[in-house]
Amino acid sequence: MRGIIKIAVLVVIISMVMFIVVACAPKAPEATTTEEATTTEEAAVTTEEKPAEVVTLRLMMFPDNPPDEEMYKKMIDEYMAANPNIKIQMENVPWNTFQEKLKPQVIAGNPPDIARISSQWGTEYAEMGELADLSEFIDTGFVDQFQEGRWVTCLYQDKPFGVPETSIAIAMWYNKNLVDKAGVTLPKSVDDAWTWEEFYEAAKTVQSKGGAEYGFAIYKSFFPYLAWIYSGDGALLKDDLKTPAINDPNSVDAIKFLTDMHVSGVAPVSVAASGDADAAQKIFQAGKVGFYMSGVWLLATFNDAIKDFEFAATYLPHKEGEDPATNASGENLIVFEKSKYKKEAFEFIKWFTNKENSDKHLGAASLLSPRVDTNPAYEVRPDVLKVFAEQAAVLKIHWALETHVPAFPKLIAPLMDNMTLALTGKLNAQSAADNIADEVNTVMSE
Amino acid sequence: MNFVIAKKPANWKTKNAYIMISPGMLLLFVFLVVPCIYALYISFTEFKSGAFVFVGLNNFKILLKNKIFWVSLLNTFYYTIGVIIPSIVISLFIAMGLNRKGGYAATLRTIYFLPVAISEAIAAVIWQSVLNPDVGIANYILQLLHFPKIGWYADFNWAMPTLIMVSLWKNVGYYMIIFLAGLQTIPQEYYEAASIDGANWWQSFRNITIPLLRPSLFFVYITSIIFSFRIFTWIYVMTQGGPGYSTMVTVYYIYREGFQRSHFGLASAISTILLLILLVLIIFQMRQFRLFKTEEEFR
Amino acid sequence: MRTRKINLIIIYALLTIGAVIILIPLIWMVSTALKTEAEIGAWPPTLIPRNPIWTNFAAGWKTQPFTRMLINTFIYCIGAVIIGGFFMALTGYVFAKFKFRGSNFMFIVAVATMMIPTQVIIIPMFLMMKNLNLLNTFFGIILPEVVNGFGIFLMRQFFLTVPDDIIEAARLDGCSEIRIFFKIILPVSRPAITTLIIFIVLYRWNDLIWPLINTTSNNMYTLPVGIASFQGVQYGIVWNNLMAVSTLVVIPLIILYLIFQKYLIRGIVLTQLK
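Residues numbered from 1 in each chain as written. Chains lettered and ligands numbered in written order. Predicted model: local features only at pLDDT ≥ 70, side-chain atom pairs only at ≥ 80, totals over all residues. Heavy atoms only, no water.

### Here we look at the overall build of chain A
Right, on to step 1. From N to C terminus, chain A includes 18 helices and eleven strands.
Right, on to step 2. Here the contacts in chain A between residues at least 6 apart in sequence split such that 77% fall between residues at least 24 apart. (Helix = DSSP H or I, 4+ residues; strand = E, 2+ residues; numbered from the N terminus. Contact = heavy atoms within 4.5 Å.)

Rendered as C-alpha cells:
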C-alpha cells in the first residue's frame, strides 16, 4: 500500500506544482521595445491629462523594411517618454505569419489593442464585430487629412475602426541598363503612359535588343493582377460589391492579354506557376528582366541588393482608350473592440499619423503617405517615390472598396488559383474568370 | 518483434499500473486527443461573422461536391506512396553501404545526417532558392552540363516529384540511423554461414537481412508516414498547393480553408475525414504486421 | 556480407555522389550567409563568395534578440525533455511490463495520436491554451505534444527487452513500484533515454508552429520564430542574415549528434531486440 500512496502523492505534487507555475506564469513582461529602460523625464507636452493610471497598450505590427522598424521603435519610445503613464508593448511579427497569429488571438478573445495591418485584413475583423467604433474620438476635420481612397478602407458600415498609416502602390520598375540598350523610350507622366500594345512592343524590344531574358515580369499576387485588370476597365466585383465582374468582357480581355505576354515567352511562366511569391523579384535582381510590375515597398531592398545595374520606376500601361490604373492600398492602424483603452489607443494613433510624424516616419522608411498634405523628406531615391506617388493618385474609389469588402480574404485563393491556371495557359481566360465568379457568388452568399 | 502486447505474468498489481500511467496518458489525452474531439465538434459548425454557428452535416455535403478536396486526397496518396517507398529503400541501402568502420564512412554518415538537423522551414527556403527555375544553382549547373532547364516546383508535372525529392533529402539520414542500428543487431555469423552454403548477395539479403530487420523496417515505415505530414512546410514555402492543384494535399487544404479563408468548420470537417481515413489505415496496418509475427524466426 | 574490392569502390563512389548532392544546399546556405545582398541576387550565381564576410554571423545574430530566443529555446527543450521524457518513459514502462484492462486500447490510442497532423489541432489547441490561461507562457508552448505516441512507442519497445526477473526480484524484496522504476529501470535504460532525449530535442529545437501561435510577445519567441521574421514577404527576405543565423542555429544540434551518436545507435538497437 505504501508504494501506491507514494506514487499518488508524487502525482498530486507534480500536478500542483504545474498548476501553480501555470497560474503565476509570466505573460508578456517586457514593456519597452529597446532593452534600456527609458527613464528620461522630458518636460514635453503630454497629451494625457489624467493622473498616474498606467495604461498598457499592446501593439502588434509588421515592419515594411528595416528603417520602418527603426522608426517605429524610435517613435514609440518618444511617445512613451512624453506620456509617462502610457506603456506601449510592441510586438514585431513577420508579415507572412501575421494573420496566423492575429486571427487565433481575435477568435480566442485576446486581441492586441492596436494592430498595424495590411488594409485588406481589416474589414473581415470589423464584420466579426471585433473592431472598435472610433467615431466618438474623431473630431470634425480629422477625416479630411486623408485621401479618400485610403480613408474608405478604414470604414465598416460607415463607422471608422482605424486610421490609414501608409500607402503602397504598384508601378513599373525597370532595369535601366537593359532598357537604354534597347533604345526604348519611357512615358514621362501618368497620362503619357503606354497602351498595352505599346508596352508589349517595348517589352519585346528589351528582350531582343536589350538582351533581357524576359521583357516583363509581374509580381505574383492579387495586387498587381487586379491592377492589370483595372487598367483594362475590368474589376473583380461590380459596383454593388457583391456580383462578380471578373468574368465580364473587359476583365477577361485583361486576363487574356496578360496570358499572351506569358505564353509567348515575354513574361516568365515559371513565375506564374511558382509558389515563391518573390520569384519574379529574384530574376529582376539578377538583371534578367526588363520591366517588373510590383510595389513601392521594394525600394529599400533594391537599394541594398542591386549593384550590377541601375534600376528606376515608370508608369503602368493601360488598355487603349481606358484610364491609367493602379492598385493602391496600404497599411492601417486599427483598434480592437476588446481593448480597455480605446481612447488612449486612438490618441497614440492620431499622434503617430499626424503630419509631422508621418512625414518623418515615411521619409525615412521610403513609404508613401495616405495624407492629403503629404510631403515626406525622402532620403532614398525620391525620383522613384515620385513616380509611385503619381501612379497611386489615379486610384478610383471602387478599386479601394472592392479589395476591402469583408469577404475579400476569402476570395484571394480562388483568384490566385485561377489566374495561375490562366497565365500558364492551362485554362482559357473565360473559364478561369468564370471559376472565380462562381467562388465569388458562393462566398457572398455565405 | 511483437507489436501488440507481450505476455506478462498474471500476478502483477494492476492498480499500480493505472496510477503510474495516468499522468502520461492524461497529458496525452488532454493535449492530443481532446483537441481532436474538439475539431470533430467544430466540423458540425461554421465560423460566420465572428461566431461558430451549428450547420449540421453541411460541411460534409460541401466536401462531397468539392473537386479540390478529392484532388487533395489523391495527391496525398500520390505523395505518401511516392515518398515512403524510396525512403525505405534508399536509406536501407545507404545504411548497408555505410555500415562499416573507418573515418570516411563515419564522415559520410554525418553528412547524410546534416539535413535532419536543419529545420523544415529553413530547408524549404534554401531549396526554394536552389531550385528556382530561372536563377537557382540547380538549373545553372544543369545548364553548364548542357542539360535542359527543369521547372522543379514551378512545373505542373515536376512539382510533386520535387517535393518527394526534397523530403528524401531531409529525412534519409534519420532513417539511415535507424537501419544502421538494426543492421548491427544481425550477427555476422549468419552471413558467413549463408555464404558457406553458397548463397549469393541477393539471397543473403532476402533471407537474413530483411527478416531480421523487420523491427527497423516497421519503425521506419511508421516514422516516414508521420514525417509525410511535415510536407506542409515545404508546400507552404515552395508551391502553395500549385501549380494549379498539382501539389494540393489534404493537410495543406485544411490550412488554406481554415486559416486563409476562415472556413474553420469546413477545415475541421476535412480534418475529421482525414483522421478517419488514417484510423482505418492504422488498424489495417496493425493487422498486416500481426500476420508477419509468426514468420519471425529464421534458422 | 563479404564484398569484393570492386563492389566496395562502386558503393563508395555512389555514396560519395549522394553525399555531394546532400551537401550542395548546405554549402549554398553557408556561402549565402557570407555574401552581401548584392552578390546573393547577382547572376551568374557563385557557390563560393567572392569576399566572405565572416562578421555576417555576428551581425545577423544582433539584428534581433536572438540570445533571448536561444535561452527560450533551451528552456523549451529542457522542459519538454524533463516533463515529456519522464512521463513517456514511465508510460512506456507500464505498457511494456504491466497487464491490465484497457492497456491494449490505450496503447493503440497512443500510437494513433502519432498520426495526427498538426494543422488539425492548431485552432482547438489554441483555444484550449487561451482558456487555460497558458498563452505566451513556457508551459503553453511545452505542453502541446509533450507526451506523444512516438516516445511512448519507443520506450515501450525498449522496456520489453528488460528481463522480468530483476523486476520480480525487487518486488519480492518489498520494493515499491515507483522505486523499482527509479532505482532499477532507469539506470538500465540510459541508451534508450538518450535516444528519446535526442528525438525530443531534434523536434523542439526546430519547432515553429507551437511557439509561433502560442506567443504574443517578442520576448517569448524561440529561434525558429525569430528566423521566420527574416522572411517578411513585404520587403523580401534578408538572405544573408537568414542564412547566417540558420547556420548558427544548426551547430548545437550537430554537436549534440556527434557526441551522442554512439548512444543513439545503441539505444535504437536495444529497442529492437524483442
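### Quick notes on the side chain of B:N59
All names here are of chain B.
Right, on to step 1. Within the secondary structure, N59 is located in helix α2 (residues 58-65).
Right, on to step 2. A distance of 3.4 Å separates a polar side-chain atom of N59 from the backbone oxygen of G265.
Right, on to step 3. Those residues in contact with N59, other than ones at most four positions away along the chain, are I42, S43, T45, E46, G265, L266 and A269. (Polar contact = N/O pair within 3.5 Å; in protein donor to acceptor, adjacent residues only side chain to side chain.)

### Comments concerning the packing of aromatic side chains
Right, on to step 1. According to the stated counting rule, one finds 83 aromatic pairs over all chains in the structure shown.
Right, on to step 2. The interplanar angle of 65 degrees and the centroid separation of 5.6 Å between the aromatic rings of A:F142 and A:F346 together place this pair among those described as edge-to-face. With a gap of 204 residues between them, A:F142 in the loop between α4 (122-127) and α5 (148-151) and A:F346 in helix α13 (residues 342-352) connect regions that are remote in the sequence.
Right, on to step 3. Members of the aromatic cluster, each reached through a chain of ring pairs, are B:Y18, B:Y174, B:Y175, B:F218, B:F219, B:F227, C:F95, C:F100, C:F107, C:F150, C:F153 and C:F199. (Phe/Tyr/Trp six-rings, centres within 6.5 Å; stacked < 30°, edge-to-face > 60°.)

### Some points on the confidence of the model for chain A
All names here are of chain A.
Right, on to step 1. Summing up the model confidence of chain A, the mean pLDDT is 87 and the portion of residues at 70 or higher is 88%.
Right, on to step 2. Below a pLDDT of 50 lies the segment residues 1-9, which in the model reaches eleven contacts outside its immediate sequence neighbourhood of four places, other chains included.
Right, on to step 3. Across residues 19-50, confidence stays below pLDDT 50; counting only partners more than four residues off in sequence or on other chains, it has 43 contacts. (pLDDT = per-residue confidence, 0-100.)

### Observations regarding the nonpolar core
Generally speaking, a soluble globular protein has its nonpolar side chains buried in company with each other.
Right, on to step 1. Ranked by size, the top nonpolar core spans 217 residues in total, and within it B:W234 and C:Y93 carry the most contacts.
Right, on to step 2. Beyond its immediate stretch of four places on either side in the chain, C:Y93 contacts B:M20, C:F98, C:F159, C:I167, C:R171, C:E177, C:I180, C:F181 and C:I185.
Right, on to step 3. A:F199, A:F291, A:V440 and B:V135 belong to the second largest nonpolar core, which has 101 residues in total. (Core = buried A, V, L, I, M, F, W, Y, C linked by side-chain atoms within 4.5 Å. Buried < 20%, exposed > 50% of the residue type's maximum accessible area, 1.4 Å probe, protein only.)

### Some words on the packing of helix α7 (residues 196-208) of chain A against helix α9 (residues 249-263) of chain A
All names here are of chain A.
Right, on to step 1. The geometry of α7 relative to α9 is characterised by a closest axis approach of 11 Å and an angle of 10 degrees between their N-to-C directions. It follows that α7 is roughly parallel to α9 by the angle criterion. Counted together, W196, E197, F199, Y200 and A203 of α7 and D253, A254, F257, D260 and M261 of α9 form the full contact between these two elements.
Right, on to step 2. A breakdown of the residues in the contact of α7 with α9 according to their chemical character gives seven nonpolar, no polar and three charged. (Axes fitted to C-alpha atoms, helices over the stretch in contact; angles between N-to-C directions. Parallel < 35°, antiparallel > 145°, perpendicular 65-115°, else oblique. Nonpolar A, V, L, I, M, F, W, Y, C, P; charged D, E, K, R; others polar.)

### Re the interface of chain B and chain C
Right, on to step 1. Taken residue by residue, the interface counts 98 residues in chain B and 100 residues in chain C.
Right, on to step 2. Where chain B abuts chain C, roughly 9,300 Å² becomes buried across the two surfaces, and 80% of that area is made up of carbon and sulfur atoms.
Right, on to step 3. The tally of links between chain B and chain C comes to zero salt bridges.
Right, on to step 4. The tally of links from chain B across to chain C stands at six residue pairs in polar contact (both at pLDDT 80 or more).
Right, on to step 5. Per-element accounting of the side of chain B that touches chain C gives the leading share, 20 residues, to helix α1 (residues 14-42) of chain B. (Buried area = accessible area lost by both parts, 1.4 Å probe. Salt bridge = Lys/Arg side-chain N within 4 Å of Asp/Glu carboxyl O.)

### Considerations on the pairing of strand β9 (residues 289-295) of chain A
Residues and elements named next belong to chain A.
Right, on to step 1. Of all seven residues in β9, seven are buried; the element is thus mostly enclosed.
Right, on to step 2. Relative to β9, strand β8 (residues 214-218) runs parallel, the two sharing four bridges. Residue pairing in the sheet places I218 in a bridge with M293 of β9. (Pairing = 2+ DSSP bridges.)

### What about the sheet that holds β9(A)?
Residues and elements named next belong to chain A.
Right, on to step 1. With respect to topology, four strands assemble into an open sheet ordered β8-β9-β7-β10, the strand pairing being mixed. Sheet topology places β8 and β10 (311-314) at the edges, where each strand pairs with a single neighbour. Taking the axes of each pair of neighbouring strands and ignoring which way they run, one obtains an average angle of 25 degrees across the sheet.
Right, on to step 2. One ladder, built from four bridges, connects strand β7 (residues 170-175) with β10; its direction is antiparallel. Bridging across to β10, N175 finds its partner in F311.
Right, on to step 3. Against the sheet, helix α15 (residues 382-392) makes contact with β7, β9 and β10, and its axis sits at roughly 145 degrees relative to β7, the strand it touches most.

### Some points on the pattern of salt bridges
Right, on to step 1. Summed over the entire model, instances satisfying the criterion amount to 31 salt bridges over all chains.
Right, on to step 2. Residue A:E124 is joined to A:K103 by a salt bridge in which the shortest nitrogen-to-oxygen separation is 3.5 Å. With A:E124 in helix α4 and A:K103 in helix α3 (residues 98-107), this residue pair connects regions lying 21 residues apart in the sequence.
Right, on to step 3. In this structure A:E124 comes out as buried when scored by relative accessible area, which is 5%.
Right, on to step 4. Among the salt bridges present, the one from B:R261 reaches B:E257, with a minimum N-O distance of 3.1 Å. Both residues of the pair, B:R261 and B:E257, belong to the buried class.
Right, on to step 5. Taken together, the shared-partner salt bridges in this structure form one network comprising A:D64, A:D68, A:R116, A:E165 and A:E331.

### Quick word on the confidence of the model for chain B
All names here are of chain B.
Right, on to step 1. The predicted model of chain B has a mean per-residue pLDDT of 85, with 92% of residues at 70 or higher.
Right, on to step 2. Considering only residues more than four positions removed or in separate chains, one finds that residues 1-11, a stretch of pLDDT under 50, has 28 contacts.
Right, on to step 3. The low-confidence segment residues 291-299, where pLDDT is below 50, has nine contacts with residues more than four positions distant or belonging to other chains.
Right, on to step 4. Model confidence for the complex: the whole-complex pTM is 0.85, and ipTM, which rates the interface, is 0.82.

### Notes on the domain arrangement of chain A
Residue and element names in this part refer to chain A.
Right, on to step 1. Segmenting chain A into domains produces domain 1 (55-167 + 329-399) and domain 2 (170-325 + 407-444).
Right, on to step 2. Every contact between the two is made by 19 residues of domain 1 and, on the other side, 30 residues of domain 2.
Right, on to step 3. For the pair domain 1 and domain 2, the summed buried surface comes to about 2,300 Å²; carbon and sulfur atoms form 66% of the total.
Right, on to step 4. Between domain 1 and domain 2 we count one salt bridge in total.
Right, on to step 5. As a salt-bridge pair, D323 and K396 come within 2.8 Å of each other at their nearest N and O atoms.
Right, on to step 6. The interface formed by domain 1 and domain 2 includes seven residue pairs in polar contact (both at pLDDT 80 or more).
Right, on to step 7. Broken down by secondary-structure element, the contributors of at least two residues to the side of domain 1 that touches domain 2 are α15 and α16 (397-402). (Domains from an automatic or database assignment.)

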